[in-house]
Every structure is written in structure tokens, then in C-alpha cells.
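Observations on the model geometry
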Amino acid sequence: MKNLRNKILALLLVIGGFLFVAPLHAQQKTYGEELTKIFQDVWPYKAFLAIPRIKEISPRLIIPIDSDGIVKEGTRCAEVDDLDMLREINPKALLPKENLYRLSCKSLLTAIDKIEEVPIPRNGFSNDTRLVLKFYFGTGKVQVLTY
């Protein structure tokens, strides 16, 4: 009897956890799709498909945003900036496919300059939000990592 009760309780916890996480995942998915549409208008990812191995990199862009969704100054590429900071300590530090990351970073920074504001998700932004996006050059998709 006690064993059956524990199994039922465990099953309820698993189902409850799934019901709680599923809407959060669905919200991020739709927000990522919305951002993908916005970025595909200003980001020439198809022009990069001729570059060998471009599909192997997925650079991350860190975008400071205010509570109204307005993009603030200070957007940066995570991999390139991390490498530059690491090179201050270790000048021989390497980033595989560094030239591809630098090239992709320049194109992403140019694209973000063309976007004045991003749509606000359901739970909104705080004043000092840092939106972290991952860009897939092979497909043109944008994945929301944090906001």
C-alpha cells in the first residue's frame, strides 16, 4: 500500500513538472520564432552559405535592452569578446574557426544596428536586461538562450 502511494505521488510530481515546464518551453519557442523573422529581414545569412564550414558555428550575441524593448549600446559577440579578454592573459589563446566567428560577428552587429527595438515577451524585460541569442548561419534561425 505504501509502495503504491509512493508511485502515485512520484507520477503526480512528474506530470506536474511537465505541465509546468511545457508552457515555458512553448513560450520561448514562439519568441525565438518571432525574433528569427525579425532578424531574417536584416541579416544576410544566405550570403554566408557559400563559405565552407559556416554551418558549424553558432555565434552568440549579447544585446542590452531596456524595459521598452529598445536596443541599447553595448551589443557584443560572446565568443569573440571572450577570446579578446583571454588574449590579454594568454596571448597564444586560440578559438577554432576564429576568422569565421569574427566575420559572423560583424554581420550580426550590422544587422542589430538596423533593428531599433525587439518585441517584448509575455513576462517583459527589466531595465537592465541582457538578451542572449544564438544564431545558426546554416538555417537562419535564432535561438533565445536567456532574457
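Criteria and cut-off values
Residues numbered from 1 in each chain as written. Predicted model: local features only at pLDDT ≥ 70, side-chain atom pairs only at ≥ 80, totals over all residues. Heavy atoms only, no water. Disulfide = S-S within 2.5 Å. Helix = DSSP H or I, 4+ residues; strand = E, 2+ residues; numbered from the N terminus. Buried < 20%, exposed > 50% of the residue type's maximum accessible area, 1.4 Å probe, protein only. Pairing = 2+ DSSP bridges. Contact = heavy atoms within 4.5 Å. Axes fitted to C-alpha atoms, helices over the stretch in contact; angles between N-to-C directions. Salt bridge = Lys/Arg side-chain N within 4 Å of Asp/Glu carboxyl O. Phe/Tyr/Trp six-rings, centres within 6.5 Å; stacked < 30°, edge-to-face > 60°. Polar contact = N/O pair within 3.5 Å; in protein donor to acceptor, adjacent residues only side chain to side chain.

**Let's talk about the state of the cysteines**
Disulfides are covalent bonds that connect the sulfur atoms of two cysteines. Taken as a whole, this structure holds 1 disulfide when the rule is applied. The disulfide that involves Cys77 links it to Cys105, with 2.1 Å between the sulfurs. Its S-S torsion of about 105° marks the bond between Cys77 and Cys105 as right-handed, since a negative value means left-handed. One end of the pair, Cys77, is in strand β2 (residues 76-77); the other, Cys105, is in helix α3 (residues 98-113), and 28 residues separate them in sequence. Accessibility assignment for this pair places Cys77 and Cys105 in one class, buried.

**Quick notes on the sheet that holds strand β1 (residues 60-65)**
In spatial order, the strands read β2-β1-β3-β4; together these 4 strands make up an open sheet with antiparallel pairing. The strands lining the two open edges of the sheet, one partner per strand, are β2 and β4 (141-146). The pairing of strand β3 (residues 129-136) with β4 spans 5 bridges and is classified as antiparallel. Paired with Phe135 across the bridge in β4 is Val142. Running at roughly 25° to β1, α3 makes contact with β1, β2 and β3 of the sheet.

**Regarding the pattern of salt bridges**
Evaluated as defined, the whole model comprises 8 salt bridges. Its salt-bridge partner being Arg53, residue Glu56 comes within 4.0 Å of it at the nearest N-O pair. In this structure, the salt-bridge partner of Glu56 is Lys97, at a minimum N-O distance of 3.0 Å. A residue pair is termed long-range when its members are at least 10 positions apart, and Glu56 in the loop between α1 (2-42) and β1 and Lys97 in the loop between α2 (78-89) and α3 qualify at 41 residues.

**Focus on the packing of aromatic side chains**
Within the structure shown, the criterion is met by 5 aromatic pairs. The interplanar angle of 80° and the centroid separation of 5.1 Å between the aromatic rings of Phe48 and Phe137 together place this pair among those described as edge-to-face. Placement of Phe48 in the loop between α1 and β1 and of Phe137 in the loop between β3 and β4 is noted, with a sequence separation of 89 residues between them. Here Phe48 matches Phe137 in class, with each residue buried. An aromatic cluster is built from Phe39, Trp43, Tyr45, Phe48, Phe135 and Phe137, whose rings are joined through pairwise contacts.

**Overview of the side chain of Glu98**
Tracing the backbone shows Glu98 in helix α3. One polar contact links Glu98 to Arg87, side chain to side chain, over a distance of 2.7 Å. Setting aside residues no more than four positions away along its own chain, Glu98 makes contact with Leu83 and Arg87.

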